Structures are given as structure tokens and as C-alpha cells.
Amino acid sequence: MKTIIHLDTIEKQFAGSVVVPPFSLSIEEGEFLTLLGPSGCGKTTLLRMIAGFEEPTSGEIYLDGKPLAHVPAYQRDMNMVFQQYALFPHMTVEQNILFGLKMKKVDGAEQKRRLEEVLQYVQLTELRKRTPKQLSGGQQQRVAIARAIINNPKVLLLDEPLGALDYQLRKSLQLELKNLQKNLGITFIYVTHDQEEAMAMSDRIAVMNKGRIEQIASPAEIYNRPQTLFVATFIGENNIFKAEGSCTAVRPEKVKLYPIDTESDKHKKTGRITDVVFLGNLRKIYIRLDGTEMSVLAHQYANEGFDWQVDHQVAIGWSQTDEVVLSC
Amino acid sequence: MKTKRIKLLALPTLVWMGALFVLPMILMLVLSFLTRGTYGQVVYQFTIDNYIRIFDPLYGLIFWDTLVVAVLTTVFSILCGYPLAYYISRLDKSKQQIWLLLVMIPFWINFLVRSYAWVIILRSQGVVNTLLQWLGIIDEPLTLLYNSGSVLVGMVYTLLPFMVLPIYVSLEQMDHRKLEAAYDLGATPLKAFWHVTLPMTKPGVVTGSILVFVSSIGMFVVPDVMGGAKSALIGNVIQNQFLSARDWPFGSALSIVLMLLSMLLILLYFKATQAGEAKEGSA
């Protein structure tokens, strides 16, 4: 695999305060990398530095081996899908999509050929003469993607591209985007605060917090083997047991519940059920541990185990291999 | 019930406009078909002579001059106003307030006083000529005043805020990300301005143009003070008919024609800018 983007100890400060502390990162060609983190974690700033809208305070960004420091945004061989799409309201779908090729003075026949191809790809052929105002959110989103990919960029940057859409549409577009990326083979750098989205689409996820990258790994690795307390609690739900100097994280679906007097060797702790939340395929059971203020969450799937009710006394346990030990 | 009460809110304006604007307009329309008596009084006798008189080449020429000055004023106001509005929109918010204040300050000073200030600057013993002579750049004072050039200078100066403010507003409302999108797609700053900023702020330019054009077409103080006797515009002619010549019927007819003409031109302008949009839309 070839490195397409390399960030070399880049740092960003705004008015003297550090927004992104220095770090390095390599992104491989054809990879789907997600920058995931809560709002204000610096993920959008990072994306904008790669696009060329912000300048790193120090460090260097390389695209395909070439430093980008003195390359303005309009000369970088990558394109961006903006958060609210930023379509040009005074142009039709077609004119929006062709804008990049026109700016680069690609010849007319070639423009036409690529336009037809892209229009078909994003299924906008019928809507080509409309203006953005006459399109639904999902259709506008397709225009934004078409406008970017028609330029055959080396890297596509996506800044929360599904953020403005409703839940159902977001779900189906996640799959579409993932397929698009696979078929085109373009490197995607995708910014989102939605962990589910990140999980569903990414090859690798970089979890960011306060400007730092806490962990960068595959979705499964991030979920099963979080390296920091932040990652363990930000991604999915987790039970954190604090002991001297270290924390132990156990996922709720790994927590098993038993009647109080069976197989006592498997029991780790005992407690009383305080809440049972029914979610269809899943029940969330909250247990207050005996003698502490601590609450433990256990997930129970349908037809699994006992019909637990509030106020039942339970014993809980989990297997050693499901423990993740973190420093905290 | 509710909408009825809401309608009451429009009542003061309706009464005011009805009594002080619509009624006089109707009066003027009636007046324009009446006859002037020997001593300047209005004789209640129907005639269309007033309108026929307007087709006299003399008045045609003045109408034409007026249109030329109005169009030029509008064009120069765009050329001066757009860059200024653009500059202001790029400043920090606090500095923007100061600049906008500077743009509006002339409004607080009496119009006539401001026009005479220009006379002091431009006349043959005025500020500009004295300075140039003192520097030895010229020997004889230049005639900077009392020609169509000085009228244009005065008009643009007077009406510039009407152009700057609407353009500034449309620049302010523009979503900055659209510009970033243009850069991202390979547009240089100049191309991004031409293809994105300018078309997106067109409504501001159109509004400003109409405000400036309409105001300049009826303007009579500036040509009066700065243009001298030679460059009378239609506003001056109308003023003369009412005040000196005491020919109210003819003055009314001129006013009506001027009004219809400017309405027609604005309509055409609107159609033209709208058509431009439609053409861009389907290309």
C-alpha cells in the first residue's frame, strides 16, 4: 500500500491557544479513514488544513509525496464535500457539477462525457436542469458528491456530509457512500461525530479528543481493544471498574447475569436491578452493586436467559478475556 | 377576526399615503389635461396639448440627457460602490460599523449645503484649482464646474450610499462556504469572485441600481447648483414649470411622462436581469 497523504508533526494554534497539538499520521491510497470525535475536538480543523483552508502553524502535509505548504486550496488535487453541501444556488445541478472541470479548462467533449457518467452514477440525470433549491436534502447531497468526484481527485474530503439528513436517509446513504468509495478506489477522509456512521463505513477510525488522536485503528479494534479511557467510553457503552492505578472496561453485552445462588465461582459481584429498558431486540438492565454507588449496565438479547425485573437480586460476571485494562 | 385586526396596522400608512400621495397624484394627472391661463392660473378646459408639447425636440433632448446622466450615475455608482462594499464586508465587525457610519454621515448634513461644498471644491478659485496652481501643475484654472462632468460627480457622490448599502447587505448574507467550495473546485480567487460572489450578490446590485437610477432621474438640486444653466435636466425643467413659468399643467404632464418612463425602464431592467438568470439556468 502506498501512502497518499502524510501529516508530518503538524500543529494548529488559534490566537496562541493550541487547537491541534503536534502529531503525525499517514493515510494510505484507497483507504476510508474517519476522523471521529465530539464537536470541538479539532477534526474539522484537521480536515480544513488538509484541504488548504487553514494553514498548519507548524509541520508539513504531503500529498503523494509532495509538500503542500505553498499550494493554495485551488491547486490541490483533492475535493471536499461540505457540511451543508455549499452548492451554488444560482447554477443548475449540471452547472454545479461541471464547475470544477470548467475551472480547469477541461475540453468540452471530455466535460460532457464525464458529466453523463457522473450524473448516471449518482442517479441525477433526470434532475440535471433543476437548481439546488428545487432538490431534497438527499438529492443535494448527491450533487455535492457528484461535483467533487467528477474531478477524479486523489483524495475526497467529507465534512459530516450526512449530518443534515434524517435518520433513515442517513442509513441508506452510508452504504451508498461506502460502495462508492470501494468502486472508485478514491481515498476518503471522512469527518463525523456519529460513531455508528464511523463504524459502518471506515477501514480505519481516528478517534480524536481535544485535538489529539487518542487511537487510530480498525473499527473492531477500536471497539474491542480501546487504548484509552476516552475511547472506551466514547465508542459504544462501557462499564468502567476503577481500581488502584488502573481501570477495567467491560462491554455491557459481555456482562452475564445469574440468579444469586448458582455456580458461585463465576460471580464477580452482586447487586440489585434498578431499571430495565426494553428496546425491541435488546433489553438494557441497570444494576446497582451491593455496598457501592456504582451502576453496571448489562445488555440482554431476546430469548436469552431470565426474565429479569426491577428489584431482583442478581449476581453478575464476565469472562477474563472480555476485560480491557486501561490506565486512568 | 384576527387577520382583520392585523390589517388595522396598515391603516395609518394607508391613510397617510392615500391623502398625501395618491390624491395629489390623481390631481396631477387631472391637471396635466387642463389649460394654462394667460396669467399662469389653471383654466378648467380639457386639452392634450401639454403632452403634444413634450414631443418638441427640445424636451426630447433634455429627456435624453437626463437618461444618459442617470445611466452613467448608476454605472459609476456600481463601479465605485461595489469595491467599497466588498472591502467593508471583509473587515472585522467593529470596523465595519465605523465604515458604514462613514458611508451614511453625509446624509446627516443638509443636501444643499453639501452641494455648495462641492462648488467650493471645484470652482475656478476653489480648493482643487488653487492647489494645482500652487503646485505649478496648471497655469490657468480648469473649468471643473458647471458642465455635465461636474453634475455626474455630484450625482454619484450624493447617491453612492444607496448603492453601497444594498450591495454590502447581500455580501454580508453570502455564505462564505460557497467561496471555499469554489476554491476547492479549482477556481482562483478572481474566478471565484466572477462566477460565485458576483452572481450571488446580484440582488444587491439590482436593488442599488434601481434606487440610484430612480433618484437621479428626478434630481434637480445637483444639476441646479453644480451644473449651471447649460446642463438642465428634466427635474430642473419641471421645477421651472411649477415655480418660474407658472405652467402647472405642462409641469404635471412632464412629471407624469417622467414617471411612466422610469417605471418602464425599471421594468425592462428587471426583465433583463431576470432573463440573464433564466439563461444561466438553462445553459
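It should be emphasised that the depicted structure is a prediction, and the values quoted were computed from it without experimental measurement.

Reading guide: rules and limits
Residues numbered from 1 in each chain as written. Chains lettered and ligands numbered in written order. Predicted model: local features only at pLDDT ≥ 70, side-chain atom pairs only at ≥ 80, totals over all residues. Heavy atoms only, no water. Helix = DSSP H or I, 4+ residues; strand = E, 2+ residues; numbered from the N terminus. Buried < 20%, exposed > 50% of the residue type's maximum accessible area, 1.4 Å probe, protein only. Contact = heavy atoms within 4.5 Å. Areas by Shrake-Rupley, 256 points an atom, 1.4 Å probe, with all protein chains shown as cover. Lys, Arg positive; Asp, Glu negative; His and termini not counted. Charge placed at Lys NZ, Arg CZ, Asp CG, Glu CD. Pairing = 2+ DSSP bridges. Axes fitted to C-alpha atoms, helices over the stretch in contact; angles between N-to-C directions. Buried area = accessible area lost by both parts, 1.4 Å probe. Polar contact = N/O pair within 3.5 Å; in protein donor to acceptor, adjacent residues only side chain to side chain. Nonpolar A, V, L, I, M, F, W, Y, C, P; charged D, E, K, R; others polar. Domains from an automatic or database assignment. Expected span 1.5 Å × (residues − 1). Bend = angle between axes of the 7 residues up to and from the residue.

A. Spotlight on the overall build of chain A. Check the secondary structure of chain A and you find eight helices and 18 strands. By principal-axis analysis of the C-alpha atoms, chain A measures approximately 80 × 45 × 35 Å. Buried positions account for 49% of the 328 residues belonging to chain A. Residue pairs in contact within chain A that sit at least 24 positions apart in sequence constitute 64% of those at least 6 positions apart. Total accessible area on chain A stands at roughly 15400 Å², and carbon and sulfur atoms take up 49% of it. Across chain A, the mean location of the 38 positive side-chain charges is 6 Å away from that of the 40 negative side-chain charges.

B. Broad picture of the sheet that holds strand 5 (residues 66-67) of chain A. All names here are of chain A. The four strands are arranged 2-1-4-5 in an open sheet whose pairing can be described as antiparallel. The open sheet is flanked by strand 2 (17-28) and strand 5, the only strands paired with a single partner. With five bridges connecting them, strand 1 (residues 3-14) and strand 4 (residues 58-63) associate as antiparallel partners. Residue pairing for strand 4: D8 is matched across the bridge by E60. Strands strand 1, strand 2 and strand 4 of the sheet are contacted by helix 1 (residues 43-51), whose axis makes an angle of about 120 degrees with strand 1.

C. Region of interest: the interface of chain A and chain B. Listed by partner, the interface residues are 26 residues for chain A and 21 residues for chain B. When the buried surface of chain A facing chain B is broken down by residue, A:Y74, A:H90 and A:M103 rank first, second and third, together holding 31% of it. For the interface between chain A and chain B, the tally reads five residue pairs in polar contact (both at pLDDT 80 or more). Contributions of two or more residues to the side of chain A that touches chain B are made by strand 6 (78-81) and helix 2 (93-103) of chain A. Here the side of chain A that touches chain B is built from residues that sort into 13 nonpolar, seven polar and six charged.

D. The domain arrangement of chain A, seen in detail. Residues and elements named next belong to chain A. Once the domains are mapped, chain A shows domain 1 (3-230) and domain 2 (238-327). On a C-alpha basis, the centroid separation for the pair domain 1 and domain 2 is 40 Å. Of the residues lining the interface, eight residues belong to domain 1; the matching set on domain 2 comes to seven residues. Approximately 670 Å² of surface area, both sides summed, lies buried where domain 1 meets domain 2, with 53% of it carried by carbon and sulfur atoms. Between domain 1 and domain 2 we count three residue pairs in polar contact (both at pLDDT 80 or more) in total. Here the residues of the side of domain 1 that touches domain 2 sort into four nonpolar, three polar and one charged.

E. Spatial organisation of the environment of A:L63. Residue and element names in this part refer to chain A. Assignment of secondary structure puts L63 in strand 4. Accessibility expressed as a relative area gives 6% for L63, which makes it buried. Through-space distance from the C-alpha of L63 to that of I285 is 49 Å; in sequence the pair is 222 residues apart.

F. The arrangement of helix 8 (residues 148-173) of chain B in detail. Residues and elements named next belong to chain B. For helix 8, with 26 residues, the first-to-last C-alpha span of 37 Å sits near the 38 Å given by 1.5 Å per residue. L159 marks where helix 8 bends most, by close to 45 degrees; the proline P161 follows one to four residues later. Two or three places before G149, at the opening of helix 8, N147 has a side-chain oxygen 3.1 Å from that residue's backbone nitrogen.

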